[in-house]
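Close look at the chain arrangement
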Amino acid sequence: MPNPRGTPENLEPGKRKGDEPLTEQVNWRVTKTMKEELSTKDHPPDFCRQAIQ
């Protein structure tokens, strides 16, 4: 029976597309309307990164 968790290569962290690793976190407050609009986006974290850049 195969291992359900996959191969050891699958367990290693994935590679990021950017030049620098994303190691820091930033938190900010938004209105409920803003949060609802953000949740409709395909990939909210990438949308926020692009908006900040």
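Look above for the structure.
Residues numbered from 1 in each chain as written. Predicted model: local features only at pLDDT ≥ 70, side-chain atom pairs only at ≥ 80, totals over all residues. Heavy atoms only, no water.

**A short note on the overall build of the protein**
Quick reminder of the rule: In DSSP terms, a helix is any run of H or I states spanning at least four residues, a strand is any run of E spanning at least two, and both are numbered starting from the N terminus. Only protein chains enter the accessibility calculation, which uses a 1.4 Å probe; a residue is then buried when its area is under 20% of its type maximum, exposed when over 50%, and partly exposed in between. Surface exposure here means Shrake-Rupley accessible area, sampled with a 1.4 Å probe, where a residue is shielded only by the protein chains that are shown.
For the protein, the count of helices and strands is two helices and zero strands. Within the protein, the fraction of its 53 residues that count as buried is 2%. When the accessible surface of the protein is totalled, it reaches about 6000 Å², and 52% of it is carbon and sulfur.

**Structural notes on a nonpolar patch on the surface**
This is how the line gets drawn: Like charges within 9 Å and nonpolar side chains (Val, Leu, Ile, Met, Phe, Trp, Tyr) within 5 Å are joined into patches, using only residues over 30% in relative accessible area that form no salt bridge. When a carboxyl oxygen of Asp or Glu lies within 4 Å of a side-chain nitrogen of Lys or Arg, that pair is called a salt bridge.
Taken together, Val26, Trp28, Val30, Met34 and Ile52 make up a surface patch of nonpolar side chains, about 550 Å² in accessible area. Tracing the backbone shows Trp28 in the segment before helix 1 (32-39).

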